[in-house]
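# Understanding the architecture of this molecule
Residues per chain are reported as follows:
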Number of protein chains: 2
Amino acid sequence: MSLTNASPEQAARAAKLSSRTLATLPVSARNAALDAIHDALAAAKDDILAANTKDLELAKKSAASGELSLSILKRLDLSRKGKFDDMLQGIKNVLDLEDPVGRVDLRTELDDGLVLQRQTCPIGVLLIIFEARPEVIANIASLAIKSANAAILKGGKESTESFKAISTVISKALAGTEVPNDSIQLVTTRDAVDPLLELSQYIDLVIPRGSNELVRHCQRKAHMPVLGHADGLCNLYIHSDADKDMAVDVVVDSKTEYPAACNALETLLVHEDVLESILPAVAEALIAKDVALRCDERSKAALIKHLSRDKASLLHDATDADYTTEFLDLILAIRTISTTPDNANSAVDAAIDHVNTHGSHHTDAIITASKSVADRYCNGIDSACKFWNCSTRFCDGMRFGFGTEVGISTNKVHARGPVGLEGLMIHEYRLSGSGQGAAMYGSGGKQFKHKKLPLV
Amino acid sequence: MSLTNASPEQAARAAKLSSRTLATLPVSARNAALDAIHDALAAAKDDILAANTKDLELAKKSAASGELSLSILKRLDLSRKGKFDDMLQGIKNVLDLEDPVGRVDLRTELDDGLVLQRQTCPIGVLLIIFEARPEVIANIASLAIKSANAAILKGGKESTESFKAISTVISKALAGTEVPNDSIQLVTTRDAVDPLLELSQYIDLVIPRGSNELVRHCQRKAHMPVLGHADGLCNLYIHSDADKDMAVDVVVDSKTEYPAACNALETLLVHEDVLESILPAVAEALIAKDVALRCDERSKAALIKHLSRDKASLLHDATDADYTTEFLDLILAIRTISTTPDNANSAVDAAIDHVNTHGSHHTDAIITASKSVADRYCNGIDSACKFWNCSTRFCDGMRFGFGTEVGISTNKVHARGPVGLEGLMIHEYRLSGSGQGAAMYGSGGKQFKHKKLPLV
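What counts, and where the lines are drawn
- Residues numbered from 1 in each chain as written.
- Chains lettered and ligands numbered in written order.
- Predicted model: local features only at pLDDT ≥ 70, side-chain atom pairs only at ≥ 80, totals over all residues.
- Heavy atoms only, no water.
- Axes fitted to C-alpha atoms, helices over the stretch in contact; angles between N-to-C directions.
- Helix = DSSP H or I, 4+ residues; strand = E, 2+ residues; numbered from the N terminus.
- Parallel < 35°, antiparallel > 145°, perpendicular 65-115°, else oblique.
- Left-handed = near helix turned anticlockwise from the far one by under 90°.
- Contact = heavy atoms within 4.5 Å.
- Nonpolar A, V, L, I, M, F, W, Y, C, P; charged D, E, K, R; others polar.
- Pairing = 2+ DSSP bridges.
- Least-squares fit on C-alpha atoms with pLDDT ≥ 70 in both.
- Salt bridge = Lys/Arg side-chain N within 4 Å of Asp/Glu carboxyl O.
- Phe/Tyr/Trp six-rings, centres within 6.5 Å; stacked < 30°, edge-to-face > 60°.
- Domains from an automatic or database assignment.
- Buried < 20%, exposed > 50% of the residue type's maximum accessible area, 1.4 Å probe, protein only.
- Buried area = accessible area lost by both parts, 1.4 Å probe.
- Polar contact = N/O pair within 3.5 Å; in protein donor to acceptor, adjacent residues only side chain to side chain.

This next bit is on the packing of helix α3 (residues 45-64) of chain A against helix α7 (residues 160-175) of chain A. All names here are of chain A. At a minimum axis separation of 7 Å, α3 and α7 run at an interaxial angle of 160°. As summarised for this structure, α3 and α7 are arranged roughly antiparallel, according to the angle between their axes. Crossing hand, α3 versus α7: right-handed. Residue-level contacts link I48, A51, N52, K54 and D55 of α3 to T160, E161, S162, A165, I166 and V169 of α7. Grouping the amino acids of the contact of α3 with α7 by side-chain chemistry returns five nonpolar, three polar and three charged.

Quick look at the packing of helix α11 (residues 279-288) of chain A against helix α12 (residues 297-306) of chain A now. All names here are of chain A. Packing of α11 against α12 leaves a shortest axis separation of 9 Å and a crossing angle of 80°. Relative to α12, the element α11 is oriented roughly perpendicular. Two secondary-structure elements touch here, α11 through L279, P280 and A283 and α12 through S299, L303 and H306.

Moving on, we come to the sheet that holds strand β8 (residues 234-238) of chain A. Ordered by their spatial adjacency, 11 strands build an open sheet running β11(A)-β10(A)-β12(A)-β9(A)-β8(A)-β13(A)-β14(A)-β17(B)-β3(B)-β2(B)-β18(B), and the pairing between neighbours is mixed. Two strands lie at the open edges of the sheet, namely β11 (316-317) of chain A together with β18 (451-452) of chain B, each paired on one side alone. Pairing of strand β10 (residues 292-295) of chain A with strand β12 (residues 331-337) of chain A involves four bridges; the strand directions are parallel. The partner of C295(A) across the bridge, within β12(A), is I334(A). Contacts from helix α15 (residues 371-380) of chain A reach β8, β13 (363-367) and β14 (385-390) of chain A together with β17 (425-436) of chain B within the one sheet, and its direction differs from that of β13(A) by about 160°.

Here we come to the relation of the copies chain B and chain A. Once chain B has been moved 0.0 Å along the axis and rotated by 180°, it coincides with chain A to within an RMSD of 0.0 Å. Put plainly, the chains are arranged around a two-fold axis. Scanning chain B for the C-alpha nearest the rotation axis identifies H414(B), at a separation of 1.9 Å. A share of 100% of interface residues in chain B that are also interface residues in chain A marks the association as one of identical surfaces.

Per the counting criterion, the structure on display carries 58 salt bridges over all chains. Through salt bridges with shared partners, a single network forms among K16(A), R20(A), D204(A), D382(B), K412(B) and R416(B).

Looking now at the packing of aromatic side chains. Across all of its chains, the model carries 18 aromatic pairs over all chains by this definition. Seen in terms of ring centroids, Y441(A) and F394(B) are 5.7 Å apart; in terms of plane orientation they differ by 75°. Their pairing is edge-to-face. Of the two residues, Y441(A) is situated in the loop between β17 (425-436) and β18 (451-452) and F394(B) in the loop between β14 (385-390) and β15 (407-409); the pairing between them involves two chains. On the basis of an interplanar angle of 80° and a centroid distance of 6.2 Å, the ring pair of F448(A) and F394(B) is categorised as edge-to-face.

The subject of this paragraph is the domain arrangement of chain A. Domain boundaries in chain A define domain 1 (2-221) and domain 2 (234-394). Distance from the C-alpha centre of domain 1 of chain A to the C-alpha centre of domain 2 of chain A: 38 Å.

Turning to the pairing of strand β4 (residues 125-130) of chain A, a few remarks are in order. Residue and element names in this part refer to chain A. Most of β4 is tucked away, with six of its six residues classed as buried. A two-sided burial pattern is seen for β4, the buried positions comprising V125, L127 and I129 on one face and L126, I128 and F130 on the other. Here β4 runs beside strand β5 (residues 150-154); their pairing, made up of five bridges, is parallel. Across the sheet, I129 pairs through a bridge with K154, a residue of β5. Here β4 runs beside strand β7 (residues 205-209); their pairing, made up of five bridges, is parallel. Opposite L126, over in β7, you have L205 as the bridge partner.

Turning to the interface of chain B and chain A, a few remarks are in order. On the chain A side, the residues contacting the 66 residues of chain B number 66 residues. Here chain B packs against chain A, burying approximately 5,600 Å² in sum over the two surfaces, 57% of which is carbon and sulfur. Summed over the shared surface of chain B and chain A, the result is eight salt bridges. Among the salt bridges present, the one from R20(B) reaches D382(A), with a minimum N-O distance of 3.5 Å. Summed over the shared surface of chain B and chain A, the result is 47 residue pairs in polar contact (both at pLDDT 80 or more). Secondary-structure elements contributing two or more residues to the side of chain B that touches chain A are α1 (8-24), β2 (104-111), β3 (114-122), α10 (244-256), α15 (371-380), β14, β16 (417-419) and β17 of chain B.

Structure below.
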C-alpha cells in the first residue's frame, strides 16, 4: 500500500498498471500478503492506537462544539474493547475464504478442437470511499488483495491519522511480498473524490460505504459503475393469518436489534383483521423498547382501544412522508392494509403495492401462515431480499454465510443484496482452437457442435 | 407493445408498473406471447414491407444527397432476401430458449427452519436504443418478454415507418395475451433519449446498440447502468513459434470475414523472429483481399524484401494513432514485437503491454504452438475474450452457443463478452423462517449452521 500524495490521476494510473500483475498472482502469493499484513498490524498495535488517539482528541473537540455526531465519535475509537482484535481476525477470515479467481463456470466444445471456457477474474481497479471507521481500511485491503483487485481507498477526514498509521504499516508489510505496492493506495488529498469519479479509463467500479448522501453523490457523478445502496427502507407486512407471538418477536427484532442499520424495519403494514388481535401486543413490546409509533387512523384507533392510557398517549399520527422515511432510529410507521370484498388476494396485493412504491427494494418481509400468500408477496415485490416469517436483520453477508461483505447492494445489475467476494469478480471467456476461422462455419460450411463439457 | 406519444416519464412509469406483472407471469404465458407476435408479424408481412418501402424512399434521397451512408441504407431494407424470415425465425429461437427466470443457484440452511435461497429474476425495465435495422425491434421485444423484463425501445429516425408498422402489429398481438401492453413501448418522440437517461427511478439498465458515439453519449449521460461496448479494437499477436499456415488463415479470417464488425482484427503484432518467415505470407493473403497494411519500420523493411515491387508499393507507414484506431474497414496496423536478450518472456510481455495499453479489452488473440506462452498471454491481458489459435470473429453470442445476444459487453461488471439472456437477469434472495430474530444469534446465543443444501 502506498500512502500517496500523488494526483488522483497518477494514483489511478499506478493502480491500473499494478492491477495486471496482481491479477496474475497465484492465491498462495495473495494469501501470503494477507498474513504479512496481519502480523505487521498486530506488531504495530501501540503506534496505531497512538495515532487513533490523535484523531479522537480532535473529534472530541468537534463533538463538543456540535460539529460531529457522537455516533461518529464512537465509530472512530479503535481502542474500544475487542475492536483491534476484530480487525485482525477479519483479515484471517478473508484469508480463509476460497480463492474467488479462475473458477470455471462454463465449458463448451464449439467444434472439434475449439473449446470455450468462462472463468472468474478480478474486475480491475476499485475505488472505495468510506467514512469514519478506521478498521475498514484493513478489511477492504484484505478483500481487494484476496480478490486480486487493485484498490484506491479514500477515507473520511476524521480518521486521517489512524489511516496514515495503518497504511504505513500495510505498505511496509507488502514490500516483502509479491503483491505490488501500488495495488492498494490510500488517497488523503482533500477533494480527491470528484476527480477520481471521472477516471473511468483507470477505475472500473466505485464502492461508496457511508451516508446516503455519499452514495447518491457517487451515483450522479461517477463515469463508471457504482455498487451500493442509498436507502434501506424496509417494510414488514403482518397478514390476517399471522401467528401473534411470531409477529411480536420478528417485528421487535427487525426494529430494535440495531435501529441505525440499513436492514432495520421502518414501516409496519398490518392487515385490518388483526388490528385488535395482534397489533396491540406488537405495540406493547415496541413501546417497552422505547420505539415511537407513527400510526394511520385505523391502527391508532385500535391501539387506543387496547393500550393503557399512558401508552396510548405516546402514539403519533403518521404523515405520508413517514412511509417514505428511513428513520434509522427508534421510530416506526404503521399502516393498515384492507381487504376488498370478494377478492381474497386484495390485501396482499395492496401490501405489495405499498412496498413497491414506498420501499427502497432492499429487504421486505411478511408474516403469514400461508405458503401461497408468502409466495404471492415474494413474487410481487421488487426487492433484493424477500423474507418470510423472520427478521429483516438477517440481510447481512456474515449471516448469509458469505464470510464477509463489502456492503448490501440495491443495484439491479451485477450484484444485489449482501455482496461478498463474488461481487468483486467478473468473468472472461477463453477460446482455444487449432487454426479455425469463422468463415468456415455457417450455411454450406461446417456446423457448430455446442457440446456442453464438464467443468474441470 | 404500445406505440406511445406519452412523455418519456409517463412511458417509463408505465413500463415500471407493468414490469411487476410481467415478472410474475409463468414462462407458458411469456412463450404464448412470443407465438402470438410471430404469427401476427408473419400475417402482416405485406403491410410492414410497404411501410419499410416508405422509409427506404426517404433514405435513398438522403443517401443521394450524401446525408446517409450506403451501409445504413442497406441495413434499413427489410425486403432483402431472407431478412423478414430471419426476423420471424429469431422470435422462434428465443421462444425455444430455456426459461431464464427463477433458476436457483444457491441454497443454504442458515439454521433449523431458516433456509436461504438465491434465484434469478428479471432486472426490471430496460431502455434499448438502436439505430437503423428495423428487424431489431422484433428481436428485442422477444428477448425482453422471454426474460420477463419490460422494455422501452427507441429506434433510429430512418426506420420510423417500419418501426411504427411492426409495433402496431406487436401491440395487437399482445392484446390477446397475458403480457401487459405497456411492457414493451416504442418511443418515437424526437429527443426522448436524454430525458429517459435521467429516469433512474423507473429504468434499471440502458442497452445502446449502435455507433460508438451513441454508446459514449449514454455512458456519460445515464443515471443508471449502461451495458455495451464503445470500441472493438482487437489485437492478434503472432509469436515466434507460430505455424505459418495457421497464422495466415486466422489473420485473414479475423480481418476480412466482416471488417465492419467490432470483433474484426485491427492491429497485428508480429514477433521479430518471424518477420521474414511468416509475415510475408500473411501480407500476401491480406493484400489479395484488398487489405491496406500500415506497418512500423521493421515490418515494412521485411515485407519490402519479400514482396513483389507492385505489392510492396501498397504498404503504408503506421503512425502512433493507427494502433489506437478501430478502422472497421479493410485496413490493418502492423507492429513488430522484440525480445530482450536473456529474457524468454520479454516478447510475450511486450505484446501483453501493447494490448493492455492500446486495445479496447474486447477480444485479443495469440498464435503460438506453446500452451505456456498462450497462458501467459491470456493471463496477462485484460480482455473480455482471450483467444488462442483461432479467429477473433468467434466472439459472438450465436457462435458461443448462447442462442442469441443482446450485444458484446466490454463492461467490467455485470456481463462481459457476448451477452445472452443471462445478461438480462439479476438475482434475488429469499429467506424463509419460523419466527427467528437476529438477536438470537451471536456470542452467547445460537450459532449459524450455514449448511449447503442441494439446488432444487
